[in-house]
Amino acid sequence: MKNLTIAIDGHASTGKSSIAKELAVKYGYIYINSGSMYRAVTLFAIENNLLKLTKTNINLFIDKLKEISINFKFNDNSLISEIYLNSRNIENEIGGMHVSKLVSEIAAIPEIRKEMVKIQRTIDRGKGVVMDGRDIGSVVFPDADLKLFLTASDSVRAKRRFEEMVKNGLEVSYEDILYNIKNRDLLDSTRSDSPLIIEKDAVVIDNSHMSINDQIDKISKLIKDKFSN
Ligand code: DC
């Protein structure tokens, strides 16, 4: 079987990264979480007091962005490519609510999207790649071999996220998370540049009542039926 490009898009907190990671491990592909790049830019803006600049002088902000580096390095223990802002591992930090609350606004800015897409397209796809996000099948890799769109009910998503954050020792409220998830979906699907859409050739998976294993089984079957000869 040839090495595939798999695009996973979908609503917020639908477990896209867990599925992408499992698929990458199973097939020996590279996994890139594109959302973490928008989160890295958001963290950079917060830490350097540049949030206002993203609204008042986006060109200056982009100049500053070009001075920093956003890289991925594979971690042999977690089996994912973790994100680095300059030489700092920010994989855990970017999951916090302070970033989640602002990231959709940052990700809606066309100039920022342009820079991120440019980086995403430099990935060597020869070894096979799984990338998750909101515009992977529509903008980043419209020629992807397999396009998946994940969704689930609002309450199921909020409950999963809440439990995950509590497990990680974070103080959060379920209501806050539910509001944030709905708000991000709204902003992501209604922005003018690269909104979240379901591509015609995407396979939609509602995982409200599916385990990760159920989903991997379903996707593996899709891959086998479509690509093994
Ligand atoms: O996948 P995530 O929740 O970590 O993504 C964070 C935000 O970044 C999300 O609100 C939408 C945005 N995003 C995007 O616009 N395009 C992508 N390819 C990935 C994420």
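Because the structure is a prediction, the values reported are computed rather than measured. (Residues numbered from 1 in each chain as written. Predicted model: local features only at pLDDT ≥ 70, side-chain atom pairs only at ≥ 80, totals over all residues. Heavy atoms only, no water.)

Student: I'm lost on the sheet that holds strand β1 (residues 5-10) in this one. Help?
Tutor: To summarise the sheet geometry, strands pair through backbone hydrogen bonds and adopt either a parallel or an antiparallel arrangement. Taken in spatial order, the five strands make up an open sheet running β2-β6-β1-β7-β8, and their pairing is parallel. Where the open sheet ends on each side, the last strands, each with one partner, are β2 (30-33) and β8 (203-206). Between one strand axis and the next, the sheet turns through 20 degrees on average, direction left out of account. Note: β2 against strand β6 (residues 129-133), four bridges, orientation parallel. Counterpart to Ile32 in the pairing with β6 is Met131. Those strands touched by helix α1 (residues 16-27) are β1, β2, β6 and β7 (146-151), and its axis lies near 180 degrees from that of β6. Each of β1, β7 and β8 is contacted by helix α10 (residues 212-227), which is oriented at about 155 degrees to β7, the strand it contacts most. (Pairing = 2+ DSSP bridges. Helix = DSSP H or I, 4+ residues; strand = E, 2+ residues; numbered from the N terminus. Axes fitted to C-alpha atoms, helices over the stretch in contact; angles between N-to-C directions. Contact = heavy atoms within 4.5 Å.)

Student: Help me understand the sheet that holds strand β4 (residues 80-85) in this model?
Tutor: Sheet architecture is open: three strands sit in the order β3-β4-β5, paired in antiparallel fashion. Only two strands of the sheet have a single partner each, and these edge strands are β3 (70-75) and β5 (88-89).

Student: What is the right way to read the pairing of β7 from this model?
Tutor: Working note: regular strand, side chains alternate between the two faces of the sheet. Counting buried positions along β7 gives six out of six residues, so the element sits mostly inside the fold. Side chains of β7 alternate between two faces, with Leu146, Leu148 and Leu150 and Lys147, Phe149 and Thr151 buried alike. In terms of strand pairing, β1 meets β7 through five bridges, oriented parallel. Looking at the pairing, Ala7 lines up with Lys147 of β7. (Buried < 20%, exposed > 50% of the residue type's maximum accessible area, 1.4 Å probe, protein only.)

Student: Sorry if this is basic, but what is going on with helix α8 (residues 154-167) here?
Tutor: Residue pairs three or four apart in sequence face the same way in an α-helix, which turns once every 3.6 residues. Between its first and last C-alpha atoms α8 spans 20 Å; for 14 residues at 1.5 Å apiece the expected length is 20 Å, and the two agree. What α8 keeps buried is the set Arg157, Ala158, Arg161 and Met165. Taken down its axis, α8 places every buried residue within 95 degrees of arc, on the same side. Structurally, α8 contributes buried residues whose contacts are with α5 (97-107) and α9 (174-190). Remark: Gly169 follows α8 within two positions and exhibits a positive phi of approximately 80 degrees. (Expected span 1.5 Å × (residues − 1). Arc of directions from axis to C-beta.)

Student: Help me out: how do you make sense of the site of the ligand in this one?
Tutor: In the neighbourhood of the ligand, 15 residues make up the surrounding shell, with Arg39, Ser104, Arg113, Arg184 and Arg191 lying closest. Within the side chain of Arg39, an N or O atom sits 2.7 Å from an oxygen atom of the ligand. Compared with its free state, where it exposes 440 Å², the ligand has 95% of that area covered by protein. In terms of residue count, the dominant contributor to the shell around the ligand is helix α2 (residues 34-47) (four residues). For the shell around the ligand, the residue count by class is four nonpolar, four polar and seven charged. (Near = heavy atom within 4 Å. Polar contact = N/O pair within 3.5 Å; in protein donor to acceptor, adjacent residues only side chain to side chain. Areas by Shrake-Rupley, 256 points an atom, 1.4 Å probe, with all protein chains shown as cover. Nonpolar A, V, L, I, M, F, W, Y, C, P; charged D, E, K, R; others polar.)

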